[in-house]
Amino acid sequence: MTRCSEESVRSSSDATPAENFSLDKSTASAVYSLLDAVDSESIANEFDIGTHSKTHDFDNHVKIAVREGINPSDSLAELQETTATDAAMEKMASSTFSRYTNDRDYRAVVRTMFELLHTPQLYHQRAVQRKRLQQLTRGVVATDATNLELTRSVVVSEDFVGDDEQAYEIDTDDGGIKLHLAARVDGEHKHPLGSTVTEGQSHESLQFEHLYGDVEVFPDLDSPIWVFDRGYTRYKRFCGFTDIDDDFITLLESDARYEVCEQIQTVEVTEEDETRQVRDDRIELADTGEQFRRVVLETSDGEELEYLTTLASSAYDPVDVISIYTLRTVIEILFRELKQYLNVENFHSQSLNGVLFELFSALIGLLLIQWLRQRHPMRGGVPQAIQEVRKHWNDTLGSVG
(Lines give C-alpha, C1' and ligand atoms only; values in the text may rest on other atoms or scores of the structure.)
Protein backbone atom coordinates (compact mmCIF):
# COMPACT_ATOMS: atom_id res chain seq x y z
CA MET A 1 0.00 0.00 0.00
CA THR A 2 1.32 3.43 -0.82
CA ARG A 3 2.25 5.96 1.80
CA CYS A 4 -0.81 7.91 2.91
CA SER A 5 0.67 11.24 3.85
CA GLU A 6 1.29 14.59 2.23
CA GLU A 7 4.26 16.84 2.92
CA SER A 8 3.33 19.74 5.16
CA VAL A 9 3.52 23.28 3.91
CA ARG A 10 5.56 25.78 5.86
CA SER A 11 3.79 28.56 7.68
CA SER A 12 4.88 31.95 8.91
CA SER A 13 6.32 31.91 12.40
CA ASP A 14 4.62 35.22 13.14
CA ALA A 15 2.00 33.49 15.27
CA THR A 16 -0.51 35.55 17.18
CA PRO A 17 -3.23 34.29 19.52
CA ALA A 18 -6.77 34.30 18.21
CA GLU A 19 -9.45 36.37 19.90
CA ASN A 20 -11.48 34.64 22.58
CA PHE A 21 -14.58 32.90 21.35
CA SER A 22 -17.84 34.81 21.56
CA LEU A 23 -20.05 32.86 23.95
CA ASP A 24 -23.20 33.68 22.00
CA LYS A 25 -22.01 31.85 18.87
CA SER A 26 -22.94 28.22 18.37
CA THR A 27 -20.68 25.44 19.56
CA ALA A 28 -20.56 24.20 15.96
CA SER A 29 -19.26 27.58 14.76
CA ALA A 30 -16.61 27.58 17.48
CA VAL A 31 -15.45 24.08 16.52
CA TYR A 32 -15.23 25.04 12.86
CA SER A 33 -13.64 28.46 13.43
CA LEU A 34 -10.10 27.12 13.03
CA LEU A 35 -11.09 25.06 10.01
CA ASP A 36 -12.45 28.23 8.40
CA ALA A 37 -8.91 29.68 8.57
CA VAL A 38 -7.77 27.11 5.99
CA ASP A 39 -8.09 27.94 2.29
CA SER A 40 -10.25 24.96 1.29
CA GLU A 41 -10.85 26.48 -2.14
CA SER A 42 -7.15 26.27 -3.04
CA ILE A 43 -6.91 22.73 -1.68
CA ALA A 44 -9.91 21.66 -3.73
CA ASN A 45 -8.35 23.14 -6.87
CA GLU A 46 -5.00 21.49 -6.14
CA PHE A 47 -6.60 18.05 -6.08
CA ASP A 48 -9.01 18.67 -8.98
CA ILE A 49 -12.08 18.46 -6.75
CA GLY A 50 -15.14 19.75 -8.51
CA THR A 51 -13.32 20.38 -11.79
CA HIS A 52 -16.33 19.25 -13.81
CA SER A 53 -19.05 20.87 -11.70
CA LYS A 54 -20.06 24.44 -10.96
CA THR A 55 -19.66 24.01 -7.19
CA HIS A 56 -17.32 21.55 -5.52
CA ASP A 57 -18.79 21.93 -1.98
CA PHE A 58 -15.47 20.75 -0.54
CA ASP A 59 -15.67 22.97 2.54
CA ASN A 60 -19.11 21.63 3.52
CA HIS A 61 -18.04 18.07 2.67
CA VAL A 62 -15.06 18.26 5.04
CA LYS A 63 -17.17 19.83 7.78
CA ILE A 64 -19.68 16.99 7.53
CA ALA A 65 -16.90 14.39 7.60
CA VAL A 66 -15.31 16.08 10.63
CA ARG A 67 -18.69 16.22 12.38
CA GLU A 68 -19.10 12.53 11.61
CA GLY A 69 -15.70 11.83 13.12
CA ILE A 70 -16.64 13.65 16.33
CA ASN A 71 -20.15 12.20 16.58
CA PRO A 72 -20.52 9.09 14.37
CA SER A 73 -23.87 8.22 12.82
CA ASP A 74 -25.13 4.65 12.75
CA SER A 75 -25.97 4.89 9.06
CA LEU A 76 -25.68 7.15 6.04
CA ALA A 77 -29.40 7.88 6.33
CA GLU A 78 -28.86 9.17 9.86
CA LEU A 79 -25.90 11.21 8.62
CA GLN A 80 -28.12 12.86 6.00
CA GLU A 81 -30.65 13.79 8.70
CA THR A 82 -27.83 15.23 10.80
CA THR A 83 -26.75 17.54 7.98
CA ALA A 84 -30.31 18.82 7.73
CA THR A 85 -30.71 19.63 11.42
CA ASP A 86 -27.27 20.41 12.86
CA ALA A 87 -25.72 23.87 12.84
CA ALA A 88 -22.94 25.16 10.57
CA MET A 89 -23.49 22.56 7.83
CA GLU A 90 -25.53 22.48 4.68
CA LYS A 91 -27.76 19.52 3.96
CA MET A 92 -26.15 16.76 1.90
CA ALA A 93 -27.86 13.63 0.60
CA SER A 94 -26.41 10.36 1.92
CA SER A 95 -25.68 9.21 -1.64
CA THR A 96 -23.80 12.44 -2.35
CA PHE A 97 -21.69 12.12 0.79
CA SER A 98 -20.90 8.50 -0.06
CA ARG A 99 -19.95 9.36 -3.64
CA TYR A 100 -17.84 12.37 -2.66
CA THR A 101 -16.01 10.49 0.09
CA ASN A 102 -15.20 7.49 -2.06
CA ASP A 103 -14.22 9.44 -5.17
CA ARG A 104 -12.46 12.56 -3.91
CA ASP A 105 -8.72 12.25 -3.34
CA TYR A 106 -8.20 11.63 0.39
CA ARG A 107 -4.93 13.55 0.20
CA ALA A 108 -6.98 16.75 0.08
CA VAL A 109 -8.04 16.05 3.68
CA VAL A 110 -4.45 15.21 4.63
CA ARG A 111 -3.40 18.57 3.22
CA THR A 112 -6.22 20.24 5.14
CA MET A 113 -4.96 18.67 8.37
CA PHE A 114 -1.41 19.85 7.79
CA GLU A 115 -2.61 23.33 6.84
CA LEU A 116 -4.43 23.40 10.19
CA LEU A 117 -1.29 22.35 12.05
CA HIS A 118 0.60 25.23 10.43
CA THR A 119 -1.97 27.92 11.17
CA PRO A 120 -0.68 30.75 13.39
CA GLN A 121 -3.32 29.76 15.97
CA LEU A 122 -1.98 26.23 16.51
CA TYR A 123 1.59 27.47 16.20
CA HIS A 124 0.84 29.80 19.09
CA GLN A 125 -0.93 27.07 21.05
CA ARG A 126 2.10 24.78 20.84
CA ALA A 127 4.36 27.63 21.88
CA VAL A 128 2.50 28.65 25.03
CA GLN A 129 1.15 25.38 26.37
CA ARG A 130 2.52 24.24 29.69
CA LYS A 131 5.13 21.48 29.56
CA ARG A 132 4.33 18.22 31.35
CA LEU A 133 7.87 18.23 32.74
CA GLN A 134 8.77 21.68 34.00
CA GLN A 135 12.50 21.37 33.26
CA LEU A 136 11.93 20.70 29.56
CA THR A 137 13.11 23.35 27.13
CA ARG A 138 12.69 21.24 23.98
CA GLY A 139 9.71 19.61 22.35
CA VAL A 140 9.19 15.86 22.69
CA VAL A 141 7.80 13.91 19.74
CA ALA A 142 6.58 10.33 20.06
CA THR A 143 6.04 7.85 17.25
CA ASP A 144 3.86 4.78 17.46
CA ALA A 145 1.40 2.73 15.43
CA THR A 146 -1.97 1.13 16.09
CA ASN A 147 -4.13 -1.26 14.12
CA LEU A 148 -7.61 -0.12 13.14
CA GLU A 149 -10.20 -2.83 12.61
CA LEU A 150 -12.49 -2.79 9.61
CA THR A 151 -16.20 -3.53 9.99
CA ARG A 152 -16.57 -4.25 6.28
CA SER A 153 -14.32 -5.21 3.39
CA VAL A 154 -12.47 -2.33 1.72
CA VAL A 155 -11.51 -2.15 -1.94
CA VAL A 156 -7.92 -1.13 -2.67
CA SER A 157 -8.19 0.43 -6.11
CA GLU A 158 -5.52 0.54 -8.81
CA ASP A 159 -4.60 4.04 -7.61
CA PHE A 160 -2.99 2.44 -4.54
CA VAL A 161 -1.14 -0.44 -6.23
CA GLY A 162 1.73 -0.66 -8.68
CA ASP A 163 1.39 -0.73 -12.44
CA ASP A 164 1.75 -4.51 -12.50
CA GLU A 165 -0.80 -5.20 -9.76
CA GLN A 166 -4.55 -5.44 -9.74
CA ALA A 167 -7.12 -3.98 -7.37
CA TYR A 168 -7.94 -6.17 -4.38
CA GLU A 169 -9.89 -6.18 -1.13
CA ILE A 170 -8.83 -5.96 2.49
CA ASP A 171 -11.24 -8.28 4.29
CA THR A 172 -12.39 -7.80 7.88
CA ASP A 173 -10.11 -10.62 9.07
CA ASP A 174 -6.99 -9.39 7.21
CA GLY A 175 -5.67 -7.28 10.07
CA GLY A 176 -7.38 -4.04 9.06
CA ILE A 177 -5.20 -1.01 8.44
CA LYS A 178 -2.40 0.45 10.54
CA LEU A 179 -2.20 4.10 11.51
CA HIS A 180 1.35 5.36 12.05
CA LEU A 181 1.56 8.62 13.94
CA ALA A 182 4.05 11.19 15.16
CA ALA A 183 2.66 13.40 17.91
CA ARG A 184 3.76 16.23 20.19
CA VAL A 185 3.52 14.78 23.70
CA ASP A 186 5.31 17.15 26.07
CA GLY A 187 2.49 19.66 26.64
CA GLU A 188 -1.10 19.78 27.79
CA HIS A 189 -2.43 19.01 24.32
CA LYS A 190 -1.56 15.99 22.18
CA HIS A 191 -0.98 17.29 18.66
CA PRO A 192 -0.72 14.79 15.78
CA LEU A 193 2.09 16.06 13.58
CA GLY A 194 2.53 13.43 10.89
CA SER A 195 0.65 10.34 9.76
CA THR A 196 0.97 7.46 7.37
CA VAL A 197 -1.35 4.52 6.82
CA THR A 198 -0.37 1.02 5.69
CA GLU A 199 -1.88 -2.42 5.64
CA GLY A 200 -2.30 -3.97 9.05
CA GLN A 201 0.64 -6.36 8.82
CA SER A 202 3.20 -3.68 7.90
CA HIS A 203 6.06 -3.05 10.32
CA GLU A 204 6.14 0.36 11.94
CA SER A 205 9.90 0.83 11.63
CA LEU A 206 9.67 1.33 7.88
CA GLN A 207 7.47 4.40 8.35
CA PHE A 208 9.78 6.35 10.66
CA GLU A 209 11.53 8.33 7.92
CA HIS A 210 8.15 9.46 6.54
CA LEU A 211 7.02 10.63 9.99
CA TYR A 212 10.37 12.31 10.62
CA GLY A 213 10.00 14.24 7.37
CA ASP A 214 6.52 15.43 8.34
CA VAL A 215 7.73 16.77 11.70
CA GLU A 216 10.91 18.31 10.30
CA VAL A 217 8.99 21.10 8.56
CA PHE A 218 7.57 22.54 11.81
CA PRO A 219 9.69 25.61 12.64
CA ASP A 220 8.50 25.60 16.27
CA LEU A 221 9.78 22.04 16.75
CA ASP A 222 13.42 22.68 16.06
CA SER A 223 15.66 19.98 17.55
CA PRO A 224 13.01 17.84 19.29
CA ILE A 225 13.62 14.80 21.49
CA TRP A 226 12.20 11.67 19.85
CA VAL A 227 10.80 8.87 22.00
CA PHE A 228 9.85 5.51 20.50
CA ASP A 229 9.58 1.88 21.53
CA ARG A 230 11.50 -1.19 20.41
CA GLY A 231 9.43 -1.45 17.23
CA TYR A 232 11.65 1.28 15.76
CA THR A 233 14.96 -0.37 16.67
CA ARG A 234 17.46 0.06 13.84
CA TYR A 235 21.12 0.62 14.64
CA LYS A 236 21.64 2.57 11.43
CA ARG A 237 18.88 4.95 12.49
CA PHE A 238 20.43 5.37 15.94
CA CYS A 239 23.79 6.23 14.38
CA GLY A 240 22.12 8.84 12.17
CA PHE A 241 20.94 10.73 15.24
CA THR A 242 24.54 11.31 16.33
CA ASP A 243 25.09 13.52 13.26
CA ILE A 244 22.11 15.88 13.75
CA ASP A 245 20.74 18.20 16.43
CA ASP A 246 17.83 15.91 17.31
CA ASP A 247 18.05 13.35 20.12
CA PHE A 248 16.20 10.16 20.92
CA ILE A 249 15.31 7.86 23.80
CA THR A 250 14.23 4.27 23.30
CA LEU A 251 14.26 0.99 25.18
CA LEU A 252 17.30 -1.15 24.48
CA GLU A 253 16.47 -4.63 23.24
CA SER A 254 17.17 -7.38 25.75
CA ASP A 255 19.50 -9.26 23.39
CA ALA A 256 21.43 -6.17 22.25
CA ARG A 257 25.21 -6.62 22.17
CA TYR A 258 27.35 -3.77 23.47
CA GLU A 259 30.49 -2.94 25.44
CA VAL A 260 30.44 -0.65 28.47
CA CYS A 261 33.00 2.09 27.81
CA GLU A 262 32.45 4.25 30.90
CA GLN A 263 30.42 4.08 34.11
CA ILE A 264 29.18 7.65 34.51
CA GLN A 265 27.26 7.44 37.79
CA THR A 266 24.83 5.48 39.93
CA VAL A 267 21.98 7.27 41.70
CA GLU A 268 19.22 6.15 44.04
CA VAL A 269 15.56 6.98 43.48
CA THR A 270 13.03 6.74 46.31
CA GLU A 271 9.31 6.47 45.60
CA GLU A 272 6.70 5.42 48.16
CA ASP A 273 9.31 4.17 50.64
CA GLU A 274 10.98 2.09 47.94
CA THR A 275 14.56 2.87 46.89
CA ARG A 276 15.88 1.74 43.52
CA GLN A 277 19.15 2.23 41.75
CA VAL A 278 19.62 3.94 38.39
CA ARG A 279 22.90 3.33 36.57
CA ASP A 280 24.25 5.68 33.94
CA ASP A 281 26.82 4.30 31.48
CA ARG A 282 28.38 5.04 28.12
CA ILE A 283 28.35 2.04 25.79
CA GLU A 284 29.39 1.11 22.29
CA LEU A 285 26.77 -0.77 20.30
CA ALA A 286 28.19 -3.83 18.60
CA ASP A 287 28.97 -3.49 14.88
CA THR A 288 28.27 0.27 14.84
CA GLY A 289 31.44 1.85 16.18
CA GLU A 290 29.19 4.51 17.78
CA GLN A 291 28.87 5.28 21.47
CA PHE A 292 25.57 5.95 23.18
CA ARG A 293 24.34 6.55 26.68
CA ARG A 294 22.60 3.73 28.54
CA VAL A 295 20.39 4.38 31.59
CA VAL A 296 19.40 1.30 33.60
CA LEU A 297 16.49 1.33 36.05
CA GLU A 298 15.97 -1.46 38.56
CA THR A 299 12.27 -2.33 38.63
CA SER A 300 10.36 -3.23 41.79
CA ASP A 301 10.38 -6.92 40.84
CA GLY A 302 14.16 -7.04 40.46
CA GLU A 303 14.31 -6.76 36.67
CA GLU A 304 16.02 -4.00 34.72
CA LEU A 305 14.81 -1.52 32.12
CA GLU A 306 17.54 -0.27 29.79
CA TYR A 307 17.12 3.05 28.01
CA LEU A 308 19.30 4.03 25.05
CA THR A 309 19.70 7.74 24.33
CA THR A 310 21.83 10.42 22.70
CA LEU A 311 20.98 13.00 25.39
CA ALA A 312 24.12 14.37 27.05
CA SER A 313 24.66 13.44 30.69
CA SER A 314 25.83 17.02 31.35
CA ALA A 315 22.37 18.37 30.46
CA TYR A 316 20.01 15.54 31.43
CA ASP A 317 20.48 13.41 34.52
CA PRO A 318 19.42 9.73 34.33
CA VAL A 319 16.08 10.36 36.04
CA ASP A 320 15.34 13.07 33.45
CA VAL A 321 15.91 10.50 30.68
CA ILE A 322 13.43 8.09 32.24
CA SER A 323 10.86 10.85 32.88
CA ILE A 324 11.05 12.11 29.30
CA TYR A 325 10.61 8.60 27.93
CA THR A 326 7.44 8.11 30.00
CA LEU A 327 5.86 10.90 27.92
CA ARG A 328 5.62 8.30 25.14
CA THR A 329 2.54 6.89 26.89
CA VAL A 330 0.69 10.06 25.86
CA ILE A 331 0.53 8.84 22.25
CA GLU A 332 -1.03 5.61 23.51
CA ILE A 333 -3.67 7.71 25.28
CA LEU A 334 -4.25 9.55 21.99
CA PHE A 335 -4.83 6.25 20.19
CA ARG A 336 -7.28 5.18 22.89
CA GLU A 337 -9.21 8.43 22.56
CA LEU A 338 -9.38 8.03 18.79
CA LYS A 339 -10.69 4.48 19.04
CA GLN A 340 -13.09 4.88 21.94
CA TYR A 341 -14.54 8.33 21.35
CA LEU A 342 -14.05 9.21 17.66
CA ASN A 343 -15.00 7.45 14.45
CA VAL A 344 -11.72 5.87 13.33
CA GLU A 345 -12.87 2.27 12.86
CA ASN A 346 -16.57 2.17 12.01
CA PHE A 347 -16.22 3.66 8.53
CA HIS A 348 -19.11 4.16 6.13
CA SER A 349 -16.89 3.81 3.05
CA GLN A 350 -16.08 0.59 1.20
CA SER A 351 -13.11 1.96 -0.73
CA LEU A 352 -9.68 2.58 0.76
CA ASN A 353 -9.79 6.18 -0.48
CA GLY A 354 -13.08 6.74 1.35
CA VAL A 355 -11.80 5.11 4.55
CA LEU A 356 -8.74 7.38 4.53
CA PHE A 357 -10.94 10.41 3.84
CA GLU A 358 -12.98 9.56 6.94
CA LEU A 359 -9.94 8.69 9.05
CA PHE A 360 -8.11 11.96 8.46
CA SER A 361 -11.35 13.90 8.94
CA ALA A 362 -11.61 12.33 12.40
CA LEU A 363 -8.02 13.38 13.12
CA ILE A 364 -8.99 16.93 12.15
CA GLY A 365 -11.92 16.62 14.55
CA LEU A 366 -9.53 15.78 17.37
CA LEU A 367 -7.41 18.84 16.56
CA LEU A 368 -10.49 21.07 16.62
CA ILE A 369 -11.63 19.65 19.97
CA GLN A 370 -8.16 20.32 21.40
CA TRP A 371 -8.30 23.84 20.01
CA LEU A 372 -11.73 24.42 21.55
CA ARG A 373 -10.53 23.18 24.95
CA GLN A 374 -7.66 25.64 24.84
CA ARG A 375 -9.78 28.64 23.84
CA HIS A 376 -12.87 27.89 25.97
CA PRO A 377 -12.62 26.52 29.55
CA MET A 378 -14.02 23.00 29.75
CA ARG A 379 -14.12 20.53 32.61
CA GLY A 380 -12.41 17.17 32.31
CA GLY A 381 -10.29 15.78 29.50
CA VAL A 382 -10.84 15.06 25.83
CA PRO A 383 -13.57 12.40 26.35
CA GLN A 384 -15.73 14.79 28.36
CA ALA A 385 -15.05 17.59 25.89
CA ILE A 386 -16.26 15.40 23.04
CA GLN A 387 -19.42 14.54 24.97
CA GLU A 388 -20.07 18.23 25.70
CA VAL A 389 -19.57 19.21 22.07
CA ARG A 390 -21.94 16.47 20.93
CA LYS A 391 -24.57 17.51 23.47
CA HIS A 392 -24.38 21.25 22.77
CA TRP A 393 -23.53 21.28 19.06
CA ASN A 394 -26.55 23.42 18.17
CA ASP A 395 -26.49 25.43 21.43
CA THR A 396 -24.53 28.56 22.26
CA LEU A 397 -20.94 28.05 23.26
CA GLY A 398 -21.72 29.52 26.68
CA SER A 399 -23.60 26.31 27.55
CA VAL A 400 -20.49 24.18 27.09
CA GLY A 401 -18.24 23.81 30.08
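To be clear, the structure that these remarks concern was listed above.
All of the points below concern the structure found in this document. (Residues numbered from 1 in each chain as written. Predicted model: local features only at pLDDT ≥ 70, side-chain atom pairs only at ≥ 80, totals over all residues. Heavy atoms only, no water.)

## Some thoughts on the layout of surface pockets
Consideration 1: The calculated volume of the second largest pocket comes to roughly 180 Å³.
Consideration 2: As for the second largest pocket, its lining consists of 13 residues, of which Glu216, Leu221, Asp222, Ser223 and Asp246 are closest to the centre.
Consideration 3: No other element matches the three residues that helix H8 (residues 208-216) contributes to the lining of the second largest pocket.
Consideration 4: Among the residues forming the lining of the second largest pocket, the class breakdown is eight nonpolar, one polar and four charged. (1 Å grid on protein atoms, 1.4 Å probe; cavity = no way out; pocket = protein on both sides within 12 Å on 5 of 7 lines; lining within 4 Å. Points joined across faces, edges and corners; volume = space filled by probe spheres on them. Helix = DSSP H or I, 4+ residues; strand = E, 2+ residues; numbered from the N terminus. Nonpolar A, V, L, I, M, F, W, Y, C, P; charged D, E, K, R; others polar.)

## Describing helix H3 (residues 58-70)
Since there are 3.6 residues in each turn of an α-helix, residues three or four apart along the chain are aligned in direction.
Consideration 1: Taking 1.5 Å per residue as the helical rise, H3 with its 13 residues ought to reach 18 Å, and the 18 Å between its terminal C-alpha atoms agrees with that figure.
Consideration 2: With twelve of its 13 residues buried, H3 lies for the most part within the structure.
Consideration 3: Within the sequence span of H3, burial applies to Phe58, Asn60, His61, Val62, Lys63, Ile64, Ala65, Val66, Arg67, Glu68, Gly69 and Ile70. (Expected span 1.5 Å × (residues − 1). Buried < 20%, exposed > 50% of the residue type's maximum accessible area, 1.4 Å probe, protein only.)

## What about the sheet that holds strand S6 (residues 225-228)?
Consideration 1: Overall, mixed pairing links the nine strands, which are arranged S5-S4-S1-S6-S7-S11-S10-S9-S8 in an open sheet. Where the open sheet ends on each side, the last strands, each with one partner, are strand S5 (191-199) and strand S8 (258-271). Taking the axes of each pair of neighbouring strands and ignoring which way they run, one obtains an average angle of 20 degrees across the sheet.
Consideration 2: In the packing of helix H12 (residues 352-375) onto the sheet, the strands contacted are strand S1 (140-148), strand S4 (177-184) and S5, and the crossing angle to S5 comes to about 165 degrees. (Pairing = 2+ DSSP bridges. Axes fitted to C-alpha atoms, helices over the stretch in contact; angles between N-to-C directions. Contact = heavy atoms within 4.5 Å.)

## Points about the packing of aromatic side chains
Consideration 1: Scanning all chains against the criterion turns up 20 aromatic pairs.
Consideration 2: Here the aromatic rings of Phe238 and Phe292 are separated by 6.5 Å at their centres, their planes lie at 75 degrees, and the arrangement is edge-to-face. With Phe238 in helix H9 (residues 235-241) and Phe292 in strand S10 (residues 291-298), this residue pair connects regions lying 54 residues apart in the sequence. For the residue pair Phe238 and Phe292, the accessibility class agrees, reading buried in each case. (Phe/Tyr/Trp six-rings, centres within 6.5 Å; stacked < 30°, edge-to-face > 60°.)

## Side note on the side chain of Arg126
Consideration 1: The residue Arg126 is located in helix H7 (residues 120-128) in this model.
Consideration 2: Beyond its immediate chain neighbours, meaning those up to four positions away, Arg126 contacts Leu117, Arg184, His191, Phe218 and Asp220.

## Some thoughts on the pairing of S6
Consideration 1: Burial along S6 is two-sided: the residues Ile225 and Val227 and Trp226 and Phe228 are all buried.
Consideration 2: Where S1 lies against S6, three bridges are found, and the strand directions are parallel. Residue pairing across strands places Ala142 opposite Val227, the latter belonging to S6.
Consideration 3: Judged from the four bridges that link them, S6 and strand S7 (residues 247-251) form a sheet pairing that is parallel. Residue pairing across strands places Val227 opposite Ile249, the latter belonging to S7.
Consideration 4: In this fold, the crossover linking S6 to S7 by way of H9 has right-handed handedness. (Right-handed = clockwise from strand over helix to strand, strands pointing away.)

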